[in-house]
Amino acid sequence: MSLGQVGVATNIFYPSFVMQLIVNIIPTVSPIFSFKMFILLLFVLSGSILYCILRFKLNFEIWKSILLAVLWAAFTTYSTSNIGGEALAKLGFPLLCFGLMNINIQGFHKYITSGILLAIYSHLITGAFLALFTFIYWIVTIFTKKSDKYIASTNFFKTALYSFLGSLAVTIPIIIFSKTNNIKTPNVNLHQFQTWSVSLSDTISNPGISGLVFIMMFFVIITSIFVSGKINLGQSVSVVVALFGTSSLAWEKTLLNSPITTIQMPARIFDYSLTLCFCFSLLVLKTYNDKNNHKSLYLVLTFSFLSIVASSIHKSNFPDIEKDGSMIIATNEKITSYYKQGNDGYGVASLGAFDKSSTSNENFWSLMNYSDYVPSSALKDNKTSMLRQDDTGRNFVNHDILTEQNRLYKTSDYTANYNQLSFKNLSSIQSTKIKLPVLGYRSSNISVFINGTRITHTIKNGSIQVFLNKTLPKRSTILVKEGIPLFMIFSYILSLLSVCFLFFGHKSYMSKH
């Protein structure tokens with residue numbers, strides 16, 4: 001309930017199981033501290049997953065496993081500040097690549113499934129891409145490999161089954177909330193969809209952070225092909241798929257009205273594919289017979305790349321500097337003024353860097369009033385991108401109580417966290433039906449309390465409404481709490497059981513038969 005402080009069901013449509021798991025172990029000090037610790041833990045987790053595969057599954061030397069794991073973690077976490085969900089989803093890439101490289105061996109569906117589910121639990125679009133990539137890889141395997149097609153197909157269908165069951169914790173809530181609330185999906189920028197692809201000329205002339213990382217990844221891929229003496233299937237499929245994220249094929253115009261526009265920008269296809277190719281390349285380096293023990297070469301290459309990545313994102317990590325040498329900070333005065341001018345969160349970065357004080361400002365979170373995934377009935381205009389731009393949605397952002405007679409009442413002491421929010425009315429309200437400044441979703445588990453007493457509520461037109469059978473005294477405390485619906489608990493149990501059976505039950509079943 002904290003994003004925008006109006007009760008948007010962001011957690012339903014942006015699955016955050018992995019993110020929530022990481023955040024829950026970080027001490028609550030400040031948003032800035034949590035953000036830094038999140039990046040650090042993500043770096044450690046990303047490197048650790050690849051290290052375990054290299055060291056314990058492929059028997060790489062310890063020093064080589066560490067260096068390659070650090071290199072991988074640096075490349076996959078550099079964009080966390082902009083797209084945290086996608087960076088998290090890349091935790092599953094090494095598992096997926098390792099499983100696909102061994103798809104002709106019985107039992108390796110576990111690694112493929114784990115990679116897909118990690119991505120789905122972090123970023124749904126990335127998870128869907130990995131599922132599609134797995135399907136393409138399997139098809140290519142069937143037509144190019146002469147042996148073990150049965151095992152490859154068995155692994156693929158087991159992956160499909162367990163991925164379906166394991167993702168029910170994500171898909172069931174999305175389907176039910178979508179069907180019962182007529183959810184407003186994000187506006188698709190068709191100009192962005194047609195133009196945001198990767199161009200070689202643009203990457204070379206104006207590489208930016210992402211361009212430099214792509215170039216370095218490409219260098220590692222070429223190096224791995226050179227030292228191993230061949231191109232493996234994973235690298236080949238990744239490169240072909242990556243072409244659909246470039247300007248070379250120009251396929252976007254033919255699919256403007258298709259569901260694929262949900263990827264928002266074709267450049268994502270290039271990013272995911274190149275990262276997969278990079279991961280495949282690291283895994284095949286074992287085939288290189290390092291007779292000369294080139295530790296120094298690995299050290300120089302790894303730390304050279306890390307230095308380039310660090311220097312590339314240096315500017316993004318620190319505030320801009322005034323001419324007098326002082327840092328440009330987004331002060332509370334700037335944030336409040338920016339909010340009162342009617343602006344929204346899309347331009348908030350122009351105010352400067354944020355600290356603990358600025359992220360504690362109520363107006364800062366009110367700026368994050370995106371209309372994505374709110375009930376359509378809560379808006380007057382379904383095409384608006386921000387609640388504050390909508391005549392009806394504006395009341396939620398302003399935290400105004402609206403009576404049945406269309407009279408507005410201001411509130412104060414507005415506080416919100418992940419599962420509840422509370423506020424106080426600044427003046428008394430006569431007996432009537434009132435519309436709370438909190439979005440209401442059918443199928444949710446909502447409880448409303450006034451001065452500690454639970455009251456009956458209804459959900460209508462995308463809002464929570466209550467009937468006051470007597471005058472509501474001035475500065476009464478109104479509390480809205482959200483619980484977990486039974487159908488979500490059921491979906492969690494189904495997914496958990498399927499994951500447990502994937503790793504433990506199947507082996508036990510096979511041993512008995």
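1. Some points on the overall build of the protein
Each helix and strand counted, the protein has 21 helices and ten strands in total. Counting only residues that meet the buried cut, the protein has 47% of its 513 residues in that class. Taking the contacts inside the protein whose residues are at least 6 apart along the sequence as the reference set, 72% of them involve residues at least 24 apart. When the accessible surface of the protein is split by element, carbon and sulfur atoms take 63% of a total near 25600 Å².

2. A closer look at the sheet that holds strand S3 (residues 411-416)
The antiparallel open sheet is built from five strands, whose spatial order is S3-S4-S10-S6-S7. Of all strands in the sheet, those with a lone pairing partner are S3 and strand S7 (453-455), marking the two edges. Here the average twist between neighbouring strands, direction ignored, is 25°. As paired strands, strand S6 (residues 445-450) and strand S10 (residues 477-483) are joined by six bridges and run antiparallel to one another. Bridging from a neighbouring strand, Ile-450 pairs with Ile-478 of S10.

3. Observations concerning the packing of helix H4 (residues 62-77) against helix H15 (residues 267-283)
Taken N-terminus to C-terminus, the directions of H4 and H15 make an angle of 175°; their axes are 11 Å apart at the nearest point. When the axes of H4 and H15 are compared, the pair comes out roughly antiparallel. In this structure, H4 contributes Leu-68, Leu-71, Trp-72, Phe-75 and Thr-76 to the contact, and H15 contributes Thr-275, Phe-278, Cys-279 and Leu-282.

4. Observations concerning the pattern of salt bridges
Between side chains of opposite charge, a pair can form when the charged atoms approach closely. In total, this model carries seven salt bridges according to the counting rule given. In this structure, Arg-394 engages Asp-391 in a salt bridge whose closest nitrogen and oxygen atoms are separated by 3.5 Å. Under the relative-accessibility criterion, Arg-394 is labelled partly exposed at 30%. On the basis of relative accessible area, Asp-391 is assigned to the partly exposed category, the value being 45%.

5. Some thoughts on the sheet that holds strand S9 (residues 463-467)
Read from one edge of the open sheet, five strands run S2-S1-S5-S9-S8, paired in antiparallel fashion. Strands with a single pairing partner mark the edges of an open sheet, and in this sheet they are strand S2 (408-409) and strand S8 (457-460). Sheet topology places strand S5 (residues 433-439) next to S9; four bridges connect them, and they run antiparallel. In the strand pairing of S9, Ile-434 is matched with Val-466.

6. A few points about the nonpolar core
Ranked by internal contacts, the top residues of the largest apolar core, which has 89 residues, are Phe-133, Leu-276 and Phe-278. Not counting chain neighbours up to four residues away, the residues in contact with Leu-276 comprise Phe-93, Leu-96, Cys-97, Phe-129, Leu-130, Phe-133 and Ser-238. By size, the runner-up hydrophobic cluster in this structure holds 18 residues, among which are Ile-401, Leu-436, Ile-446 and Val-466.

7. Regarding the environment of Arg-268
Locating Arg-268 in the fold gives a position in helix H15. What makes Arg-268 buried here is its relative accessible area of 11%. Separated by 139 residues in the primary sequence, Arg-268 and Phe-129 place their C-alpha atoms 9.6 Å from one another. If sequence neighbours within four positions are ignored, Arg-268 has contacts with Glu-86, His-123, Ile-125, Thr-262 and Ile-263.

8. Side note on the environment of Phe-449
Relative to the helices and strands, Phe-449 is located in strand S6. When sequence neighbours within four positions are dropped, the list of residues in contact with Phe-449 reads Arg-454, Thr-477, Ile-478, Leu-479 and Lys-481.

9. What about unusual backbone geometry?
Positive phi, normally seen in glycine, also occurs at Tyr-373, with a value near 65°. Taking relative accessible area as the criterion, Tyr-373 reaches 15% and is therefore assigned buried. Residue Asn-461 is not a glycine yet carries a positive backbone phi of 55°. You can see Asn-461 is positioned in the loop between S8 and S9.

10. As for the packing of aromatic side chains
Scanning the model with the defined rule gives 23 aromatic pairs in all. Measuring from ring centre to ring centre gives 5.4 Å for Phe-98 and Phe-108, while their planes differ by 65°; the resulting arrangement is edge-to-face. On the criterion of sequence distance, the pair formed by Phe-98 in helix H6 (residues 93-101) and Phe-108 in the loop between H6 and helix H7 (109-120) is long-range, its members being ten residues apart. On the accessibility criterion, Phe-98 (4% relative accessible area) is buried. For Phe-108, a relative accessible area of 15% puts it in the buried group. Plain terms: the ring middles of Phe-135 and Trp-138 are 6.1 Å apart, the flat faces sit at 50° to each other, and that makes the pair tilted. With Phe-135 and Trp-138 both in helix H8 (residues 124-144) and three residues apart, this pair spans about one turn of that helix. For Trp-138, a relative accessible area of 11% translates into the label buried. Feature note: the residues Phe-129, Phe-133, Tyr-137, Tyr-272 and Phe-280 constitute an aromatic cluster, connected by ring pairs. When the ring centre of Phe-60 is taken as reference, the NZ or CZ atom of Lys-64 above it lies at 5.8 Å. If you follow Arg-388 out to its NZ or CZ, it ends over the ring of Tyr-339, 3.8 Å from the centre.

11. Details of the packing of H7 against helix H9 (residues 149-166)
Direction vectors running N to C along H7 and H9 enclose 35°, while the axes themselves pass 9 Å from each other. As H7 packs across H9, the resulting crossing turns out to be right-handed. Residues His-109, Ile-112, Thr-113, Ile-116 and Leu-117 of H7 pack against Asn-155, Lys-158, Thr-159, Tyr-162, Ser-163 and Gly-166 of H9. Classifying every residue of the contact of H7 with H9 gives four nonpolar, six polar and one charged.

12. Focus on the pairing of S8
Along any regular strand the residues' side chains alternate between the sheet's two faces. Judged from the four bridges that link them, S8 and S9 form a sheet pairing that is antiparallel. Residue pairing for S9: Ile-459 is matched across the bridge by Ile-464. The turn linking S8 back onto S9 is made up of two residues, and Asn-461 within it adopts a positive phi angle of 55°.

Cut-off values and rules
- Residues numbered from 1 in each chain as written.
- Predicted model: local features only at pLDDT ≥ 70, side-chain atom pairs only at ≥ 80, totals over all residues.
- Heavy atoms only, no water.
- Helix = DSSP H or I, 4+ residues; strand = E, 2+ residues; numbered from the N terminus.
- Buried < 20%, exposed > 50% of the residue type's maximum accessible area, 1.4 Å probe, protein only.
- Contact = heavy atoms within 4.5 Å.
- Areas by Shrake-Rupley, 256 points an atom, 1.4 Å probe, with all protein chains shown as cover.
- Pairing = 2+ DSSP bridges.
- Axes fitted to C-alpha atoms, helices over the stretch in contact; angles between N-to-C directions.
- Parallel < 35°, antiparallel > 145°, perpendicular 65-115°, else oblique.
- Salt bridge = Lys/Arg side-chain N within 4 Å of Asp/Glu carboxyl O.
- Core = buried A, V, L, I, M, F, W, Y, C linked by side-chain atoms within 4.5 Å.
- Phe/Tyr/Trp six-rings, centres within 6.5 Å; stacked < 30°, edge-to-face > 60°.
- Lys NZ or Arg CZ within 6 Å of the ring centre and 35° of its normal.
- Left-handed = near helix turned anticlockwise from the far one by under 90°.
- Nonpolar A, V, L, I, M, F, W, Y, C, P; charged D, E, K, R; others polar.

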